[in-house]
Amino acid sequence: MVRAADNSTRGTQATVAMKGGGYYSERTRGAKHVIDNAAGMLTEAVAALPEPRPRERLGIADFGAADGGTSKQTIYQTVAALRARFPSPPITVTYTDLPGNDYSTLFRNITGLSGFTEHNYLDDFDNVFVNACGMGFHRQLLPDASLDLGFSATAMHYISEKPCQIENHVHMVGASGPAFKAFSERAAEDWNHILLARSAELKPGGRLVFMNFGIDEQGRYLGNTGGVNMFDTFNALWTAMGKEGLLSDKEVIAATFAQYYRTREVFCAPLLDDTSSVYRSGLRLVSAHTGVVPCPYRAAFEQADGAMNAREFAVSYIPTLRSWSETVFANALDPDRPRTERDQLIDLFYQRYQDQVAEDPTGHAMDYVHCYLAIEKVV
């Protein structure tokens, strides 16, 4: 059965927000490693850009920036590469995310006020300007032909709205039948909109460098690379709380992630089909590949060679899951419950996950599986 989703703000944008106050960047080292791995793609993109016209500014955008911490070093390197090629034009850097994003922490991270003072391009380069746009990334955000380089990391797996609730699982990787079909159709439409919006924003010769969660050629995806399946664990623990009477049936079903993991073929299809609106807009695929970044918390546990026990690993590991998933489960709870009760239920949910990992850490890891895309605007 497919249940229509609540497409209000609470049902869509509220459930994809990252945990704020700097928590996201502090607890998502793996996401930064993904970006670091793609730094060369951005350097290549800068090298391929055409010479700007006299008095023309250069535009960079980070689509789905969260608090800006994970991309700060890479944006610095991109600004440095641009300035090395083009010493004088003004450079604008635009950070985009949802209206409820923690923009205060974003600007504190960028300016170094958060204590993260390294890679501050505003101090090290002249004529660089920063702004933010709180309109997500599913629509056009910048004027036509104003963007030289668009960048997005671990963001565009979020769909614009949930087409339905998935009644037997929390994520589309566990969906089937009409629910899976509804999510697939929503994701295809969104990807087309995203690409057309970026195409309109790009100058001729401009580039996009995207790295998005996906499903690789071996069927692997985030938290499912051969060990314990993270999303199945989420689902089992959440469902168990429902069976115990701690959650209502509605609350159990409402914990549906507004996400879709595409394959490389799905990512590339509109960029290779010469009849598609995306292709006709001038976008062309430069390169595409998948890659797996090992979970840094699992790696640290294994490298400790017995110096870290299972409980310590669990305590270090669960916060990275919580940093991006908590809002999904928190917003599934009945808002009429007292806030303290909702907080206690969420704490219990993640405590149970932590206890399960501590009891037997075998196979628990959140390895990152991404599809890396380089795209050019040719006309």
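Predicted model only: the values in this text are computed from it and were never measured.

Undergrad: Sorry, what's going on with the packing of helix α13 (residues 310-332) against helix α14 (residues 339-359) here?
TA: For any two helices packed against each other, the geometry is given by the interaxial angle and the distance between the axes. As a packed pair, α13 and α14 sit with axes 9 Å apart at the nearest point and diverge in direction by 145°. Crossing of α13 against α14: the hand is right-handed. When its residues are assigned to classes, the contact of α13 with α14 shows 15 nonpolar, 3 polar and 5 charged.

Undergrad: Could you clarify how one ought to interpret the pairing of strand β10 (residues 368-377) in this entry?
TA: Across a regular strand the side chains alternate sides, sitting on one face of the sheet and then on the other. Judged by how many residues are buried, β10 sits mostly within the fold: 9 of 10 residues are covered. Pairing between strand β7 (residues 202-215) and β10: 7 bridges, direction antiparallel. Its bridge partner being in β10, phenylalanine 213 is matched across the sheet by histidine 370. Here strand β9 (residues 283-293) pairs with β10 via 10 bridges, running antiparallel. The residue of β10 that forms the bridge with glycine 291 is histidine 370.

Undergrad: What's the story with unusual backbone geometry in this structure? I'm lost.
TA: Positive phi is not limited to glycine here, since arginine 55 has a value of about 65°. Assignment of secondary structure puts arginine 55 in the loop between α3 (39-48) and β2 (58-63). Judged by relative accessible area, arginine 55 falls into the exposed class, the value being 84%. Look at asparagine 127: it is not a glycine, yet its phi comes out positive at around 65°. Note that asparagine 127 resides in the loop between α6 (121-124) and β4 (128-133). A residue is classified by how much of its surface remains accessible, and asparagine 127, at 33% relative accessible area, is partly exposed.

Undergrad: Even after reading the chapter, I still don't get the side chain of arginine 322, so can you show me in this structure?
TA: Examined against the element boundaries, arginine 322 turns out to sit in helix α13. Only 2.6 Å separates the side chain of arginine 322 from the side chain of aspartate 347, close enough to count as a polar contact.

Undergrad: Please explain the confidence of the model for the protein as it appears in this structure.
TA: Any segment with low pLDDT has predicted coordinates that should not be analysed in fine detail. Across the protein, the average pLDDT comes to 91, with 92% of residues at 70 or higher. When the criterion is pLDDT under 50, residues 1-27 qualifies, and its contacts beyond four places in sequence or with other chains add up to 73 contacts.

Undergrad: Even after reading the chapter, I still don't get the state of the cysteines, so can you show me in this structure?
TA: On inspection of all chains with the given rule, the structure shows 0 disulfides. Of all cysteine sulfurs in the structure, the one in cysteine 371 sits closest to cysteine 268, which takes part in no disulfide; the separation is 5.6 Å. On the basis of relative accessibility, which here comes to 5%, the residue cysteine 268 falls in the buried class.

Undergrad: Explanation requested: the packing of aromatic side chains in the structure shown.
TA: For any pair of aromatic rings, the description consists of the separation of the ring centres together with the inter-plane angle of the planes. Tallied over the entire structure, the rule returns 25 aromatic pairs. With centroids separated by 5.2 Å and ring planes inclined at 80°, the aromatic side chains of tryptophan 191 and phenylalanine 267 adopt a geometry described as edge-to-face. Of the two residues, tryptophan 191 is situated in helix α7 (residues 177-201) and phenylalanine 267 in helix α10 (residues 264-272); the sequence distance between them amounts to 76 residues. With respect to class, tryptophan 191 is no different from phenylalanine 267; both count as buried. Positioned above the aromatic ring of phenylalanine 63, the side-chain terminus of arginine 198 is 4.2 Å from the ring centre. Here the basic side chain of arginine 284 rests over the ring of tyrosine 279, its NZ or CZ set 3.5 Å away from the ring centre.

Undergrad: What is the right way to look at the pattern of salt bridges in this model?
TA: Should their charged atoms come close, side chains of opposite charge can pair. Overall, the coordinates contain 20 salt bridges when judged by the stated rule. For the salt bridge of glutamate 189 with arginine 186, the shortest nitrogen-to-oxygen distance reads 3.5 Å. In this pair, glutamate 189 and arginine 186 both sit in helix α7, 3 residues apart, roughly one turn of the helix. The exposure class of glutamate 189 is partly exposed, given its relative accessible area of 41%. A salt bridge links arginine 298 to glutamate 302, with the nearest nitrogen and oxygen atoms 3.1 Å apart. Here arginine 298 and its partner glutamate 302 are both found in helix α12 (residues 296-303), 4 residues apart, which amounts to about one turn of the helix. Counted as one network, the salt bridges with shared partners bring together Arg53, Glu56, Asp148 and Lys203.

Cut-offs and rules
Residues numbered from 1 in each chain as written. Predicted model: local features only at pLDDT ≥ 70, side-chain atom pairs only at ≥ 80, totals over all residues. Heavy atoms only, no water. Axes fitted to C-alpha atoms, helices over the stretch in contact; angles between N-to-C directions. Helix = DSSP H or I, 4+ residues; strand = E, 2+ residues; numbered from the N terminus. Left-handed = near helix turned anticlockwise from the far one by under 90°. Nonpolar A, V, L, I, M, F, W, Y, C, P; charged D, E, K, R; others polar. Buried < 20%, exposed > 50% of the residue type's maximum accessible area, 1.4 Å probe, protein only. Pairing = 2+ DSSP bridges. Polar contact = N/O pair within 3.5 Å; in protein donor to acceptor, adjacent residues only side chain to side chain. pLDDT = per-residue confidence, 0-100. Contact = heavy atoms within 4.5 Å. Disulfide = S-S within 2.5 Å. Phe/Tyr/Trp six-rings, centres within 6.5 Å; stacked < 30°, edge-to-face > 60°. Lys NZ or Arg CZ within 6 Å of the ring centre and 35° of its normal. Salt bridge = Lys/Arg side-chain N within 4 Å of Asp/Glu carboxyl O.

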